[in-house]
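# Chain and residue survey
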Amino acid sequence: MSSGIVLNYSVYWVTFHNGYDFGYLLKVLTCRRLPDTQTRFFNFINILQGGFNKLAQLLEVERIGICRKAGSDSLLTSSTSKELIENFFSGSLEKYAGVL
C-alpha cells in the first residue's frame, strides 16, 4: 500500500481472473482472511461480476494459446483492453473507473 498504487484514482487495474485476482490483492493488503460469503466479498471490493474472457468473445478478440496460461491470459487481457479503449472510450477514462 505504501507504493501509492492502491487507493490511487489515477491508477487503473486490469485483470483477467477478476474476483480471484482482486481476492488475492485484498487478502495481501489486509492481512486477513477473505470474506466468508460471495455477497460480502463483492460488497467489500465493489466490483461488477463478469470476466475478460466473455468480454473478449463479445468483442471478437482472438485468444492465442491456452486458457489459464499466464502468457495467453495476459495477451488476451491486454488486447481486450486495447479494443475497448480504441472503440468505446473517448476522451478521459475517469468516468469508466470502477466499472470494469
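Please read these numbers as outputs of a predicted model, since none were measured by experiment.

This part covers helix H1 (residues 19-30). The end-to-end C-alpha separation of H1 is 16 Å, in line with the 16 Å expected for twelve residues at 1.5 Å each. One or two residues past the end of H1 sits Cys31, with phi positive at roughly 55°.

This brings us to the pattern of salt bridges. Considering all chains together, one arrives at three salt bridges under this definition. Arg40 is the partner of Asp36 in a salt bridge, and the nearest nitrogen-oxygen pair spans 2.9 Å. Arg40 carries the same exposure label as Asp36, and that label is exposed. A salt bridge links Lys82 to Glu86; its shortest N-O distance comes to 3.7 Å. Placement of the pair is Lys82 and Glu86 together in helix H4 (residues 70-87), with a separation of four residues, close to one helical turn.

Summarising the element assignment, Ile5 is placed in the segment before H1. According to the relative accessible area criterion, Ile5 is partly exposed, its value standing at 42%. Beyond its immediate sequence surroundings of up to four residues, Ile5 is in contact with Val11 and Trp13.

Conventions used here
Residues numbered from 1 in each chain as written. Predicted model: local features only at pLDDT ≥ 70, side-chain atom pairs only at ≥ 80, totals over all residues. Heavy atoms only, no water. Helix = DSSP H or I, 4+ residues; strand = E, 2+ residues; numbered from the N terminus. Expected span 1.5 Å × (residues − 1). Salt bridge = Lys/Arg side-chain N within 4 Å of Asp/Glu carboxyl O. Buried < 20%, exposed > 50% of the residue type's maximum accessible area, 1.4 Å probe, protein only. Contact = heavy atoms within 4.5 Å.

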